[in-house]
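Here's the letter readout for the chains.
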Amino acid sequence: MTTQIRDLDHYKELYRQSVESPEQFWDKEAKTFTWFKAYDEVCTWDFEKPAVKWFLNGKMNITYNCIDRHLADKADQVAILWEPNDPKDEAVRYTYQELHDEVCKCANGLKALGIEKGDRVVFYMPMVAELAIAVLACARIGAVHSVVFAGFSAQALADRVDDAKAKMIICSDFNKRGAKNIAVKEVVDQAMNIGCKSVETVLVHQNTGAEVTWNTEKDKWWHKEINHQSTICAPEEMDAEDMLFILYTSGSTGKPKGVVHTCGGYMVYTCFTFKNVFQYQPGDIYWCTADIGWITGHSYIVYGPLLAGATTLMFEGVPTFPDAGRFWEICEKHKVNQFYTAPTAIRALMACGDDIPNKYDLSSIKVLGSVGEPINEEAWHWYDKKIGKGNAPIVDTWWQTETGGIMITPLPGITDTKPTFASYPMPGIQAVLVNSEGQELKENNVEGLLCIKHPWPSILRTTYGDHERCRQVYFSPFKGMYFTGDGARRDEDGRIRVIGRVDDVINVSGHRMGTAEVENAINEHPQVIESAVVGYPHEIKGQGIYAYVISQGKALDDAFRKEISDVVRREIGPIAKPDKIQFVTGLPKTRSGKIMRRILRKIASNDAANLGDVSTLLNPDVVEELKKSALV
Ligand code: 7RM
């Protein structure tokens, strides 16, 4: 069984071992899984290329380890506890045996539709259990899943499908969100019209049963293709380094990149971190509120919990339907033991007042988790007092799509917690701070750029179709290290606090977004000449989106602002719509023509008093104009 850390001494001892002999440490963890054929080397790596491999030549299937392995003693235990959007509808429970049967049926159906090992399958689905089932079905037959968050636009979906050259899209007819039904099949139809030429089949899961437009050539109903299939499907024998999934994430330049994770290392690391970060005990009900469209949902709704044989709760709906007590109602109803959510949700629910959580019995909660962005002190204390009643340690977990699993976090009941500090690295994680020259800052009480020195099993292997981009973004900034893109501080006792991105990536409600991506979308408006997007502090969202726009031949009014927002919605999705749009006649530029974003960030953050020296700009005069018409 995966090691479960018992106490502080145990943590320190494991951490020491993991740094002194990483291979021995991970070999021991990896051996707790079922391998069809043993690996013959634990790890080889070269950060220059980069080329990282774990568990070389080992043969396995992650779904065998998620499901089949547990059937001997947990066949009747609930694996997935699915809570519907509408609380008046019944929750649905899938035992490990039932999950096995559903995954096999789906896997056989995918095969019958021509999906083979290595083919890419894109998902565009709400949080229905069929999403988890079909993701696992892909993994079972060796197909590569790429889940696209169902809030993205048709254009964004088509971009991802085309980059992955997917053979199939799996979607639902409609997505239930609160009181609304959102047409998701329609978005897929639009994406199919824009691009998606590689797609042979669109498999449609019937969620609401409302009418959809049908394309008889490519569209297939889930219930017609899957329901009659056999409940037995032998797991495909996968190499540890075969691709498991691609997940698109934003960077500081260009289009989102497809982060690639492979089977073996991802399995070992997500299980190890799940079991330890949440101190999961048999019988516990664990709930992560993320969407499976993000990495958090992949690692800590689906894979980590199932690998550990846990009961994972999956919620279809939104935190505010039928009212802002929904999360707490679910915690009470299902006696949730570990609750994992994002600071933006905590802040939004905090703003609804204490009376709401006070109405519910939250005494089952033992551990509270936070992920996705820095958690501010006020939200941390509210979460601790009002939800955890001071009895449930908060694990402020820092990690990334690229890291596959949680990297820096307190361990509940084992290490201490300090508000806003992600605190200590997991065993196996050599987190360091460096200065801009790449020199390691070894002392405490310093601030620097967060890097990781040695590979861990679930480090990204490449960015799909563009290995050079992977090298440039993550491995070329500092020799011999993985660069996270985050800035961090280490306190006097060695705890780490992750401050935020140091590149042009912003974090809006826990959604990662490249400012360049939003600019490209805004620039699609025919009357926009140029734009610049920065983040600014936002009370609920963490960061808001502030856009400076230069335009021509248009009245600079709210109607135009709405048009720009609509373009962004069309190009990326509603999550990328600017909160504020300031019309300007110029942007502050250096003599080499680079936009001085530092100045734009300060003005947007209502900190124009501290602009510093602007005299070296090509156009210093524009700064006064920007300040005068700033929307702060
Ligand atoms: C899991 C996830 C990654 C970026 C990362 C950080 C920020 C995430 C925390 C955090 C401070 C945290 N993957 N971030 N967790 N910042 N404290 N606990 O969010 O790829 O979507 O985003 O999110 O900037 O680089 S992600």
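Here, every reference points to the structure presented above.
All values derive from a computational prediction rather than experimental measurement. (Residues numbered from 1 in each chain as written. Predicted model: local features only at pLDDT ≥ 70, side-chain atom pairs only at ≥ 80, totals over all residues. Heavy atoms only, no water.)

## Topic: the overall build of the protein chain
Okay, so step 1: Helix and strand content of the protein chain: 20 helices and 30 strands.
Okay, so step 2: In terms of C-alpha radius of gyration, the protein chain reaches 24 Å, essentially the compact-globule figure of 26 Å for 632 residues.
Okay, so step 3: The principal-axis extents of the C-alpha atoms in the protein chain amount to approximately 75 × 60 × 55 Å.
Okay, so step 4: In the protein chain, which comprises 632 residues, the share counted as buried stands at 62%.
Okay, so step 5: Taking contacts inside the protein chain between residues at least 6 apart in sequence as the whole, the part at least 24 apart equals 71%.
Okay, so step 6: Accessible surface computed for the protein chain: about 23800 Å², of which carbon and sulfur atoms make up 48%.
Okay, so step 7: A gap of 2 Å separates the mean positions of the 71 positive and 84 negative side-chain charges of the protein chain. (Helix = DSSP H or I, 4+ residues; strand = E, 2+ residues; numbered from the N terminus. Rg over C-alpha atoms; globule rule 2.2 N^0.38 Å. Buried < 20%, exposed > 50% of the residue type's maximum accessible area, 1.4 Å probe, protein only. Contact = heavy atoms within 4.5 Å. Areas by Shrake-Rupley, 256 points an atom, 1.4 Å probe, with all protein chains shown as cover. Lys, Arg positive; Asp, Glu negative; His and termini not counted. Charge placed at Lys NZ, Arg CZ, Asp CG, Glu CD.)

## As for the pattern of salt bridges
Okay, so step 1: In total, this model carries 40 salt bridges according to the counting rule given.
Okay, so step 2: The partner of Asp119 in a salt bridge is Lys167, with the nearest N and O atoms 2.9 Å apart. Note that Asp119 is positioned in the loop between helix H5 (96–112) and strand E6 (120–124) and Lys167 in the loop between helix H7 (154–164) and strand E8 (168–172), a separation of 48 residues in sequence.
Okay, so step 3: Since its relative accessible area comes to 14%, Asp119 is described here as buried. (Salt bridge = Lys/Arg side-chain N within 4 Å of Asp/Glu carboxyl O.)

## Side note on the site of the ligand
Okay, so step 1: Close to the ligand lie 17 residues; Asp396, Thr397, Thr401, Asp486 and Arg512 are nearest.
Okay, so step 2: Thr401 places a polar side-chain atom, nitrogen or oxygen, 2.6 Å from an oxygen atom of the ligand.
Okay, so step 3: Isolated, the ligand exposes 530 Å² of accessible area, and the fraction of that covered by the protein chains is 95%.
Okay, so step 4: Counting residues per element, the ones that place at least two in the shell around the ligand are helix H11 (295–307), strand E20 (394–397) and strand E25 (496–501).
Okay, so step 5: When its residues are assigned to classes, the shell around the ligand shows six nonpolar, six polar and five charged. (Near = heavy atom within 4 Å. Polar contact = N/O pair within 3.5 Å; in protein donor to acceptor, adjacent residues only side chain to side chain. Nonpolar A, V, L, I, M, F, W, Y, C, P; charged D, E, K, R; others polar.)

## Quick word on the sheet that holds strand E16 (residues 285–288)
Okay, so step 1: As summarised here, the arrangement of the seven strands in space is E5-E4-E17-E16-E18-E19-E20, forming an open sheet in which the pairing is mixed. Because the sheet does not close on itself, it has two edges, and the strands there are strand E5 (92–95) and E20. Recorded for the sheet is a direction-independent mean angle of 20° between the axes of neighbouring strands. (Pairing = 2+ DSSP bridges. Axes fitted to C-alpha atoms, helices over the stretch in contact; angles between N-to-C directions.)

## Description of the environment of Ile496
Okay, so step 1: Mapped onto the elements, Ile496 comes out in strand E25.
Okay, so step 2: Among the residues examined, Ile496 registers a relative accessible area of 3% and is labelled buried.
Okay, so step 3: Expressed as a C-alpha distance, the spacing of Ile496 and Leu450, which sit 46 residues apart in the sequence, is 9.5 Å.
Okay, so step 4: If we ignore the near neighbours within four places in the chain, the residues touching Ile496 are Ile408, Phe421, Ala422, Ser423, Ala431, Ala488, Arg489 and Arg490.

## Here we look at the packing of aromatic side chains
Okay, so step 1: On inspection of all chains with the given rule, the structure shows 42 aromatic pairs.
Okay, so step 2: Considering the side-chain rings of Trp35 and Phe55, the 5.7 Å spacing of their centres and the 55° angle between planes classify their relative orientation as tilted. Within this pair, whereas Trp35 is found in the loop between helix H2 (22–30) and strand E1 (41–46), its partner Phe55 is found in strand E2 (residues 51–56), the two being separated by 20 residues in sequence. Like Trp35, the residue Phe55 is buried in the burial classification.
Okay, so step 3: A network of ring pairs unites the aromatic residues Phe274, Phe278, Tyr280, Tyr286, Tyr300, Tyr340 and Trp399 as a single cluster.
Okay, so step 4: Above the plane of the ring of Phe152 lies Arg160, whose end atom (NZ or CZ) is 4.4 Å from the centre.
Okay, so step 5: Cation over ring: Lys418 sits above Phe421, and NZ or CZ is 4.3 Å from the ring centre. (Phe/Tyr/Trp six-rings, centres within 6.5 Å; stacked < 30°, edge-to-face > 60°. Lys NZ or Arg CZ within 6 Å of the ring centre and 35° of its normal.)

## Some details on the side chain of Arg461
Okay, so step 1: Counting through the fold element by element, Arg461 comes out in the loop between strand E22 (446–452) and strand E23 (462–463).
Okay, so step 2: Side-chain polar atoms of Arg461 contact the side chain of Glu241, separated by 3.0 Å.
Okay, so step 3: Leaving out residues up to four positions away in the same chain, Arg461 has contacts with Val52, Trp54, Glu241, Val260, Thr262, Gly265, His467 and Cys470.

## Description of the sheet that holds strand E21 (residues 431–434)
Okay, so step 1: Reading across from one edge, E21-E22-E24-E25 is the order of the four strands in this open sheet, with antiparallel pairing throughout. Only two strands of the sheet have a single neighbouring strand rather than two, namely E21 and E25. With direction set aside, neighbouring strand axes in the sheet form an average angle of 45°.
Okay, so step 2: Across five bridges, strand E24 (residues 482–490) lies against E25 in antiparallel orientation. The residue bridging Arg490 from the neighbouring strand is Ile496, located in E25.

## What to know about the pairing of strand E28 (residues 528–538)
Okay, so step 1: Relative to strand E29 (residues 542–551), E28 is paired through 10 bridges, and the arrangement is antiparallel. Bridging from a neighbouring strand, Pro537 pairs with Gln543 of E29.
Okay, so step 2: From the end of E28 to the start of E29, which pair antiparallel, there are three residues.

## Quick look at unusual backbone geometry
Okay, so step 1: Cis geometry is adopted by the peptide bond preceding Pro50, which originates at Lys49 and carries an omega value of -15°.
Okay, so step 2: Along the polypeptide, Pro50 turns up in the loop between E1 and E2.
Okay, so step 3: In the segment running from Phe321 into Pro322, the intervening peptide bond is cis, with an omega of -5°.
Okay, so step 4: Relative to the helices and strands, Pro322 is located in the loop between strand E17 (311–315) and helix H12 (326–334).
Okay, so step 5: Of note in the backbone geometry, Lys165 takes a positive phi value of approximately 45° without being a glycine.
Okay, so step 6: Its place among the elements puts Lys165 in the loop between H7 and E8.
Okay, so step 7: The exposure class assigned to Lys165 is exposed, which follows from its relative accessible area of 54%.
Okay, so step 8: Not every positive phi belongs to a glycine, and Ser509 is a case in point at roughly 50°.
Okay, so step 9: Topologically, Ser509 is positioned in the loop between strand E26 (505–508) and strand E27 (511–514).

## Some remarks on the environment of Val371
Okay, so step 1: Counting through the fold element by element, Val371 comes out in strand E19 (residues 367–371).
Okay, so step 2: According to the relative accessible area criterion, Val371 is buried, its value standing at 9%.
Okay, so step 3: Expressed as a C-alpha distance, the spacing of Val371 and Pro343, which sit 28 residues apart in the sequence, is 6.9 Å.
Okay, so step 4: Not counting residues up to four positions away in its chain, the partners in contact with Val371 are Thr296, Tyr340, Thr341, Ala342, Pro343, Thr397 and Trp399.

## Details of helix H19 (residues 597–604)
Okay, so step 1: Along H19, the residues classified as buried are Arg597, Ile599, Leu600, Ile603 and Ala604. One face of H19 carries all of its buried residues, which in axial projection span an arc of 155°.
Okay, so step 2: Each element contacted by the buried residues of H19 is listed here: helix H17 (515–522), E28, E29 and helix H20 (621–628).
Okay, so step 3: Looking one or two residues past H19, Asn606 carries a phi angle of roughly 60°, positive in sign. (Arc of directions from axis to C-beta.)

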